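Observations on chain architecture
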Amino acid sequence: MSIIKGAQVAEAVSAETKKRAEKLKAEGTEPCLAIIRVGEDGSEIAYERGAMKRMDKCGIKCVSVVLDKNISQAEFEKKFVEVNDDKNVHGILLLQPLPKQLDIEPIKELINPIKDVDALSAVNLYKVFVGDKTGYAPCTAEAVMETLDYMGTDYTGKKCVVIGRSLVVGKPLGMLLLGRNATVTYCHSRTKQLAEEAKQADILVAAVGVPKMVKADFVKEGMTVIDVGINVDENGNMCGDVDFENVEPIVENITPVPGGVGAVTTSVLAKHVVMAAEMLK
Ligand code: NAP
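Residues numbered from 1 in each chain as written. Predicted model: local features only at pLDDT ≥ 70, side-chain atom pairs only at ≥ 80, totals over all residues. Heavy atoms only, no water.

**Details of a negative patch on the surface**
Taken together, Glu75, Glu82, Asp85 and Asp86 make up a surface patch of like negative charges. Here Asp85 shows up in helix H3 (residues 73-85). Residue classification places Asp85 among the exposed positions, given a relative accessible area of 53%. (Patch = residues over 30% accessible without salt bridge, like charges linked within 9 Å, V, L, I, M, F, W, Y side chains within 5 Å. Areas by Shrake-Rupley, 256 points an atom, 1.4 Å probe, with all protein chains shown as cover. Salt bridge = Lys/Arg side-chain N within 4 Å of Asp/Glu carboxyl O. Lys, Arg positive; Asp, Glu negative; His and termini not counted. Charge placed at Lys NZ, Arg CZ, Asp CG, Glu CD. Helix = DSSP H or I, 4+ residues; strand = E, 2+ residues; numbered from the N terminus. Buried < 20%, exposed > 50% of the residue type's maximum accessible area, 1.4 Å probe, protein only.)

As structure tokens, then:
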């Protein structure tokens, strides 16, 4: 039985990224991420801090662009285009959710796909779909793959059940698993007999957003369980989608929350910024 620590995976991913960032700098290009935040939401600020720390560790410059929470759509798009056109910026991370008056759809079309390091644009999602490695997968979906790779996972013919079908996690993750020859089942809020479906998996991924929903009857011995969820439990503590206490004694491998996949996400972001700088230099 093994608990997979995200910090170890993140360090492994970052070590390679740092080398690539140093090479770029030696050639005269300083890789740079711009983080755009609208308003002062606490969890967005926390994510921004974590991302900045990771960029710093990888030798990547990070600039923070903070916009007023009441900004109009027209002004927001104008500011976004300014960052998008800035030759010194290689990657853009737009923190979400946006305030209600703003529509993200035009941004998905405006963003330069090479700078779209968290895969907002249709171009990058298409590339995930067809397995084109010149694009980026959403960082969280790729963080799951990095975690499984770190564990030395052989995907071929493995049954993977992904609970969740959002465009940021579940759907692209299923495509990435399929690209590695796994047999993928998507489950969602309308899935019947969810626990029975989940129990068929060799690798079970929970990307749901419901605290501790994956219970002991969803799992079996020998299974790997990856918990993407970030929730707050009844006592105000951070928890995942998996009932860790009751699931962990049964399964072979499991990621904790906090300290699991979430810790890997910013190292994938750093990797994407370096990829972008290599393409744009
Ligand atoms: P989302 O857009 O709300 O999607 C949730 C998915 O779960 C949907 O497909 C939904 O099904 C399904 N679902 C909801 N309730 C369910 C239930 N009772 N049974 C089965 N399926 C159910 O959420 P998301 O953005 O994908 O995020 C999922 C979780 O990952 C959240 O906890 C979020 O905080 C976390 N997250 C973590 C990171 C990270 O860095 N680790 C990044 C992003 C998100 P329908 O499609 O049928 O509605």
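**Side note on the site of the ligand**
Taken together, 21 residues lie near the ligand, and Thr140, Arg165, Ser166, Ser189 and Ile230 sit nearest. One nitrogen or oxygen atom from the side chain of Thr140 is found 3.4 Å from an oxygen atom belonging to the ligand. At a separation of 3.4 Å, an oxygen atom of the ligand approaches a polar side-chain atom of Asn231. Contact with the protein chains removes 68% of the 930 Å² of surface that the ligand exposes when unbound. Here the shell around the ligand is composed, by residue class, of 10 nonpolar, 10 polar and one charged. (Near = heavy atom within 4 Å. Polar contact = N/O pair within 3.5 Å; in protein donor to acceptor, adjacent residues only side chain to side chain. Nonpolar A, V, L, I, M, F, W, Y, C, P; charged D, E, K, R; others polar.)

**Structural notes on the state of the cysteines**
All chains considered together, the criterion is met by zero disulfides. In this structure Cys160 is not part of a disulfide, and its nearest cysteine sulfur, from Cys187, lies 12 Å away. The exposure class of Cys160 is buried, given its relative accessible area of 0%. A relative accessible area of 1% places Cys187 in the buried class. (Disulfide = S-S within 2.5 Å.)

**Some thoughts on unusual backbone geometry**
Along the chain, Gln96 connects to Pro97 via a cis peptide bond; the corresponding omega equals 5°. Among the structural elements, Pro97 can be located in the loop between strand S4 (91-94) and helix H4 (105-110). Not every positive phi belongs to a glycine, and Asn181 is a case in point at roughly 75°. If you trace the backbone, Asn181 turns up in the loop between helix H7 (170-179) and strand S6 (183-187).

**Brief notes about the pattern of salt bridges**
Following the criterion strictly, the structure yields 12 salt bridges and no others. Among the ionic pairs, Glu142 bridges to Lys271, the shortest N-O distance being 2.8 Å. Of this pair, Glu142 sits in helix H6 (residues 139-150) while Lys271 sits in helix H10 (residues 261-280), and the two are 129 residues apart along the sequence. Each member of the pair, Glu142 as well as Lys271, is classed as buried. In this structure, Lys271 engages Glu146 in a salt bridge whose closest nitrogen and oxygen atoms are separated by 2.6 Å. One end of the pair, Lys271, is in helix H10; the other, Glu146, is in helix H6, and 125 residues separate them in sequence. By sharing partners, the salt bridges in this structure join Glu11, Arg54 and Lys57 into a single network.

**A word on helix H1 (residues 6-26)**
Here H1 is 21 residues long and its end C-alpha atoms lie 30 Å apart, about the 30 Å a rise of 1.5 Å per residue gives. Listing the buried residues of H1 in full gives Gly6, Val9, Ala10, Val13, Ser14, Thr17, Ala21 and Leu24. As for H1, its buried residues are in contact with helix H2 (42-57), H6 and H10. Positive backbone phi, approximately 100°, marks Gly28, located one or two places after H1. (Expected span 1.5 Å × (residues − 1). Contact = heavy atoms within 4.5 Å.)

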